[in-house]
Amino acid sequence: MTQAFDAAAQQTLLESRSRQAVELARKLGADACEVGASVDQGVGVSVREGEVETVELSRDQGIAVTVYLGQRKGSASSTDAGEASIRAVVEKAIAIARYTGEDPAAGLADAALMATHLPDLNVHHPWALTTEEAVDLALACEAAGRGKAGIKSSDGASLSSGEGVRVYANSHGFLGSQRGSRHSLSCMLIAEDDAGMQRDYDFTSARNPRDLLAPERVGESAAEHTLRRLGARRPATGRMPVLFDPNLAGGLVGSLMSAIAGGALFRQATFLCDRLGDAIFPEWFSLQEKPMETGAMASSPFDNDGVQTRDNLFIDKGRLASYMLSAYSARRLGMQTTANAGGARNLRITAPLASRDELLARMDRGVLVTELMGQGVNGVTGDYSRGAAGFWVENGRIQYPVEEFTIAGNLETMFRGLAGVGSDIDTRGSIHTGSWLVDEMTVAGA
């Protein structure tokens, strides 16, 4: 990067500023206080048709203070972590708290739950990358894709690399901090035949730049994804099995987690209210959270409340074993926090895994979905309807690409009807899963 980022120095500074904010809030009359501070720096470049389009060097920082006066809460934030700014933010938070209504669930998480085991989870791997080197990598990625026969043009290749520090402190005396990094490279290409143009992409993402795929491989894979979509037609309409590509299956896991999140539960805005212990998946399916997994994309020893994270089993042999709760949502529900303030971290599936060919053979006739469009998921009812593209499957084999159709169902029915999980596990994000075969959905095509 053009400007050096001293993560250790930034960590020390933010820790000091966070302690200062907590102490000041208590001195000014707050009964309790919590502070979140962060700083991130990164470089991002994009190229198109062999030319540089954008080069962006970013640096973002912020500090947020929440104070409690009894059970009244006030929050304020700033992008400046200087001493004068911290005082202004604390004073503003206290002023806001004086005018808010009382909330019986407001307050810090219990002091006894604060994290005490704070290991280095190996999630900080800075990349000593110059802007010129970043541009060269993006150009190499795009060139590899454009070099494939049948590729007409490019929508560009992009590389981003960033690192940062986050700190959380509260008036229980807890202070936790963590450095982290994230790097990615992507490419989107366009192919054309007599039936028209098609676009597709691929990407690689990792905490450690050494774990990224080679630029040429990303570009070539993007080209392969794009070329296979040529000649697409609309599929038949009917009830049939649907096979979700791994990255789309991860979205189904995300919909499940939204449905068991504390905020949705205490608002009665989810189809999974009051369902603990119920069988909502097949018996062979389990879903676990592994927040302390070394080197993973979402690893952290503490959540956004400062609570010690731990392995959580959300789905146990098909049954809903746990909700996903923060300290606040747990109080609203009369339950205990699951250390999930800020969401789930590193979701992992336990299930018998089948190859892609085995899943195709099992479905026999239906659609393999590789792209979804629209936001057609109703978290209250579980109704699911999305625009889609992918491939038509007949006699257990991919026949031709398909597009301009919708798939519809209900998440609860889809979860119960899960007929298989693939061994083609996508590990690029915090949700690791292979393809999902759903036994029946409505496909609306030609």
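Provided above is the structure to which this section pertains.
First things first, this report covers the structure right here in the doc. (Residues numbered from 1 in each chain as written. Predicted model: local features only at pLDDT ≥ 70, side-chain atom pairs only at ≥ 80, totals over all residues. Heavy atoms only, no water.)

### Description of the overall build of the protein chain
Stated precisely, the cut-off is as follows: A run of H or I in DSSP counts as a helix once it spans at least four residues, and a run of E counts as a strand once it spans at least two, with each numbered from the N terminus. Only protein chains enter the accessibility calculation, which uses a 1.4 Å probe. A residue is then buried if its area is under 20% of the maximum for its type, exposed if over 50%, and partly exposed in between. Two residues form a contact once any of their heavy atoms are found within 4.5 Å. The positive count covers Lys and Arg only, the negative count covers Asp and Glu only, and His and the chain ends enter neither. For the purpose of locating charges, the reference atoms are NZ of Lys, CZ of Arg, CG of Asp and CD of Glu.
Helices and strands together make up the secondary structure of the protein chain, namely nine helices and 18 strands. Considered along the principal axes of its C-alpha atoms, the protein chain spans approximately 70 × 55 × 35 Å. Across the 446 residues that make up the protein chain, the buried fraction comes to 51%. For the protein chain, the share of sequence-separated contacts (at least 6 apart) that also reach a separation of at least 24 residues comes to 72%. Charged side chains in the protein chain number 43 positive and 56 negative. The centres of these two groups are separated by 5 Å.

### Observations regarding the nonpolar core
The criterion, for reference: Take the buried Ala, Val, Leu, Ile, Met, Phe, Trp, Tyr and Cys residues and link them wherever side-chain atoms come within 4.5 Å; each set so joined is a nonpolar core.
Among the nonpolar cores identified, the biggest contains 48 residues, and Phe244, Leu256, Phe285, Ile407 and Trp436 are the most heavily contacted of them. Looking at this core, the element that brings in the most residues is helix α5 (residues 246-259), giving seven residues. In this structure, Leu14, Ile63, Val165 and Val167 belong to the second largest nonpolar core, which totals 28 residues.

### Side note on the pairing of strand β5 (residues 175-193)
Formally: At least two bridges found by DSSP between two strands is the condition for calling them paired.
Judged from the 17 bridges that link them, strand β4 (residues 151-170) and β5 form a sheet pairing that is antiparallel. Residue pairing in the sheet places Ile151 in a bridge with Ala191 of β5. In textbook terms, the turn of a hairpin is the stretch between consecutive antiparallel strands, and for β4 and β5 this stretch comprises four residues, one of which, Gly173, has a positive phi near 95°. Pairing of β5 with strand β6 (residues 196-206), which is carried by 11 bridges, proceeds in the antiparallel orientation. Looking at β6, one finds that Cys187 is bridged to Asp202. Between the end of β5 and the start of β6, which pair antiparallel, lie two residues.

### Section: the packing of helix α3 (residues 131-146) against helix α4 (residues 215-227)
Put simply, the rule is: Orientation is described by lines fitted to C-alpha atoms, with helices fitted over the stretch in contact, and by angles between N-to-C directions that extend from 0 to 180 degrees. Throughout, a crossing is termed right-handed when the near helix is turned clockwise from the far one, and left-handed when it is turned anticlockwise from it by less than a right angle. Residue classes follow a fixed rule: Ala, Val, Leu, Ile, Met, Phe, Trp, Tyr, Cys and Pro count as nonpolar, while Asp, Glu, Lys and Arg count as charged, and any other residue, Gly among them, counts as polar.
Remark: α3 packs on α4, axes separated minimally by 7 Å, with the N-to-C direction vectors making an angle of 35°. The hand of the α3/α4 crossing is right-handed. In this structure, α3 uses Leu137, Ala140, Cys141, Ala144 and Gly145 to contact α4, whose residues at the interface are Pro215, Glu216, Val218, Gly219, Glu220 and Ala223. Within the contact of α3 with α4, the residues separate by chemical class into seven nonpolar, two polar and two charged.

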